[in-house]
Amino acid sequence: MLSRRTIATGLAALALALGTAGVQAQAGKAPDALIKEVSTDVLDAVKADKTIQTGDVGKIIALVDAKVMPHVNFQRMTASAVGRYWRQATPDQQKRLQDEFKTLLVRTYSGALAQVKDQTVQLKPMRGGADDSEVVVRTEVRGKGDPIQLDYRLEKSPAGWKIYDVNVLGIWLVENYRNSFAQEISAGGIDGLIAKMVERNKSAAAGGTKS
Amino acid sequence: MTLRRLSSVALLGAAALLAGCATTGAPGAGVRADPWEGWNRKVYAFNEGLDEAVVKPVATAYRDAVPQLVRTGVTNVFAHLGDVWSAINNMLQGKPGDGLRDVMRFGTNTIFGVAGLFDMATEAGLERQGEDFGQTLGVWGVGAGPYIVWPLLGPSSLRESVALPLELQVSPTLYTDDRGAQVGISVLQVVNTRANLLGATRMLDDIALDKYSFVRDGYLQRRRSLVYDGDPPEVPDDKDDAAEAPSGSASAPSK
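Residues numbered from 1 in each chain as written. Chains lettered and ligands numbered in written order. Predicted model: local features only at pLDDT ≥ 70, side-chain atom pairs only at ≥ 80, totals over all residues. Heavy atoms only, no water.

**What about the overall build of chain A?**
The helix and strand tally for chain A stands at seven helices and five strands. Shown N-terminal to C-terminal, the secondary structure of chain A runs as helices and strands in the order α-α-α-α-α-α-β-β-β-β-β-α. For chain A, restricting intrachain contacts to residue pairs at least 6 apart in sequence, the fraction spanning at least 24 positions comes to 56%. Of the accessible surface of chain A, which amounts to about 10,300 Å², a share of 58% is contributed by carbon and sulfur atoms. (Helix = DSSP H or I, 4+ residues; strand = E, 2+ residues; numbered from the N terminus. Contact = heavy atoms within 4.5 Å. Areas by Shrake-Rupley, 256 points an atom, 1.4 Å probe, with all protein chains shown as cover.)

Right under this line is the structure:
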């Protein structure tokens, strides 16, 4: 008999596969059009689902996995945050770094998504030529109050454009982790950093259920 | 939401003021930008303790007791004067068009927004710009200098600290000579600002491995971004160094 977990894993894999198929279909899409489409998609999904707005973390994570993660080069994101130490990590350590970093970011992103009410996303004019292999797409999240700056760095890949850094309110996320990652690594090595992230994810998960 | 406003008030930590520095990026940049880290960490811990014990509980009670509409009104009134300050700073930065937009904002909100209680200007497409004197110094070419954490006031830098005495003057306390009223206004401003940041600081608890360095690096990045009005030039650094290595290249020589 199929356990619930197996079914959930299967569904998640299916969602990912569908998402990836979607990516391949839109490989020719311009980076700003892609960002616009993905963000509108996500916002619409959140607005349509009351359980997400009440903070159903599992559901939000599934949504992010399905809609956003196929468009993210998470390996590059992690490698860039870890910086020069990345090359010293074993493949196994690299995988664990990626997994834990992903959990950390997706959880936080999910927390932000749970706040969505009447927001829309607007693109700002993009610089750079059509043949650039890396671009910055700049957007603004508009709702009540001041607009929130939300920018993306994207790279061209055979499977379409992939996000490798995000800027919230002027702060590039990967850059913001670089110093604290270096700090943990110099204190306890790469395993020390992994342990630290595991610990943070555990306490965030515990805190998330109580709120 | 109110982050820009904050920058003209220079209050609590989480994501307020910030100083653009030409040195960010490479591992170790934090060390260069923060030579007084030992002392700063002590002050940061003190501020956190005070926040946990007093400011945050009061702000939470305020948020729960006062309706959103009223809190938004309070936020708007405090920001209203900030628009005048922003206009002056836009002029000082050589951006008369932006300065004029701030003046129009102030006029619109004074007349149609009941003395700044409602932010009608934003509805009309005149958005808050929140320029402050720290940004003006940055535009004039003054570097951020070392990172500093002030007791009560939180993250700053040498440049922002020079601007701080001026920034603190920009408050509705200017409207009255009554000492008691001034204290009341200042307390309300701190509590209201903190209440606006409750969500952001809760998120910070979840996302940061080390809150001190996360806040510091975020502050420095944001201030730099603000100096360039949200579009700073790229800092050349080695950030993609690692990413350009072939995937899973654990065997690659590490220099």
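**Brief notes about the overall build of chain B**
Summing up its helical and strand segments, chain B has eleven helices and two strands in all. Its helices and strands in sequence order give chain B the pattern α-α-α-α-α-α-α-β-β-α-α-α-α, from N to C terminus. Across the 255 residues of chain B, 53% fall into the buried class. Counting only contacts in chain B whose residues sit at least 6 apart along the sequence, the fraction spanning at least 24 positions is 71%. Summing over all exposed atoms, chain B offers an accessible surface of approximately 11,400 Å²; the carbon and sulfur share of this is 67%. (Buried < 20%, exposed > 50% of the residue type's maximum accessible area, 1.4 Å probe, protein only.)

**Some remarks on the confidence of the model for chain A**
All names here are of chain A. Mean pLDDT over chain A: 84, with 84% of residues reaching 70 or higher. No element of chain A has a lower mean pLDDT than helix H1 (residues 4-25), at 54, and none a higher one than helix H5 (residues 74-82), at 95. Scored below 50 in pLDDT, residues 21-25 shows four contacts in the model against residues more than four places distant or in partner chains. (pLDDT = per-residue confidence, 0-100.)

**Focus: the nonpolar core**
Ranked by internal contacts, the top residues of the largest apolar core, which has 63 residues, are Leu-97, Phe-101, Leu-105, Leu-113, Leu-154, Tyr-177 and Phe-181 of chain A. Sorting elements by how many residues they give to this core places helix H7 (residues 173-210) of chain A first, with ten residues. Not counting residues within four places of it along the chain, the set of residues in contact with Leu-154 of chain A comprises Pro-31, Leu-34, Ile-35, Ser-133, Glu-134, Val-135, Val-137, Trp-161, Lys-162, Ile-163 and Tyr-164 of chain A. Counting six residues, the second largest nonpolar core, distinct from the first, contains Ala-59, Val-74, Val-191 and Ala-195 of chain B. (Core = buried A, V, L, I, M, F, W, Y, C linked by side-chain atoms within 4.5 Å.)

**Structural notes on the environment of Lys-124 of chain A**
Residues and elements named next belong to chain A. Structurally, the position occupied by Lys-124 is in the loop between strand S1 (120-123) and strand S2 (134-142). Overall, the relative accessible area of 24% leaves Lys-124 in the partly exposed class. Separated by 14 residues in sequence, Lys-124 and Arg-138 have C-alpha atoms that sit 5.3 Å apart. Lys-124 has contacts with Arg-138, Thr-139 and Glu-140, leaving out every residue within four places of it along the chain.

**Some thoughts on the packing of aromatic side chains**
Aromatic ring pairs are described here by two measures, namely the spacing of the ring centres and the angle between the planes. Per the counting criterion, the structure on display carries ten aromatic pairs over all chains. Grouping aromatic residues by their ring pairs yields a cluster made of Phe-74, Phe-101, Tyr-177 and Phe-181 of chain A together with Phe-214 of chain B. Of note, Arg-76 of chain A hangs over the ring of Tyr-164 of chain A, and the distance from its end group to the ring centre comes to 3.5 Å. We note Arg-153 of chain A situated over the ring of Trp-172 of chain A; from NZ or CZ to the ring centre the distance is 3.9 Å. (Phe/Tyr/Trp six-rings, centres within 6.5 Å; stacked < 30°, edge-to-face > 60°. Lys NZ or Arg CZ within 6 Å of the ring centre and 35° of its normal.)

**Let's talk about the confidence of the model for chain B**
With 80% of its residues at a pLDDT of at least 70, chain B reaches an overall mean of 83. In this model residues 238-255 of chain B is a low-confidence stretch, pLDDT under 50, and it forms 30 contacts with partners more than four residues away in sequence or in other chains.

**Here we look at the side chain of Thr-139 of chain A**
Residue and element names in this part refer to chain A. With respect to the secondary-structure elements, Thr-139 resides in strand S2. Judged by its relative accessible area of 0%, Thr-139 is buried. At 2.5 Å, the side chain of Thr-139 and the backbone oxygen of Leu-150 are in polar contact. Each residue touching Thr-139, except ones within four places of it in the same chain, is listed here: Ile-35, Val-121, Gln-122, Leu-123, Lys-124, Ile-148, Gln-149, Leu-150, Asp-151 and Tyr-152. (Polar contact = N/O pair within 3.5 Å; in protein donor to acceptor, adjacent residues only side chain to side chain.)

**Examining the sheet that holds S2 of chain A**
Residues and elements named next belong to chain A. The strand order across the open sheet formed by five strands is S1-S2-S3-S4-S5, and the pairing between neighbours is antiparallel. Of all strands in the sheet, those with a lone pairing partner are S1 and strand S5 (171-172), marking the two edges. With two bridges connecting them, strand S4 (residues 160-168) and S5 associate as antiparallel partners. Pairing of Asn-167 across the sheet is with Trp-172, part of S5. The strands that helix H2 (residues 31-48) touches are S1, S2, strand S3 (148-157) and S4; relative to S1, the one it contacts most, it runs at about 175°. (Pairing = 2+ DSSP bridges. Axes fitted to C-alpha atoms, helices over the stretch in contact; angles between N-to-C directions.)

**A word on the pairing of S4 of chain A**
Across a regular strand the side chains alternate sides, sitting on one face of the sheet and then on the other. Residue and element names in this part refer to chain A. Most of S4 sits out of view: eight of its nine residues are buried. Both S3 and S4 contribute to a ladder of eight bridges, which runs antiparallel. Bridge assignment links Lys-156 to a residue of S4, and that residue is Trp-161. The antiparallel hairpin formed by S3 and S4 contains two residues in its connecting segment. In this antiparallel pair of consecutive strands, S4 and S5, the connection spans two residues, and Leu-169 shows a positive phi of 55°.

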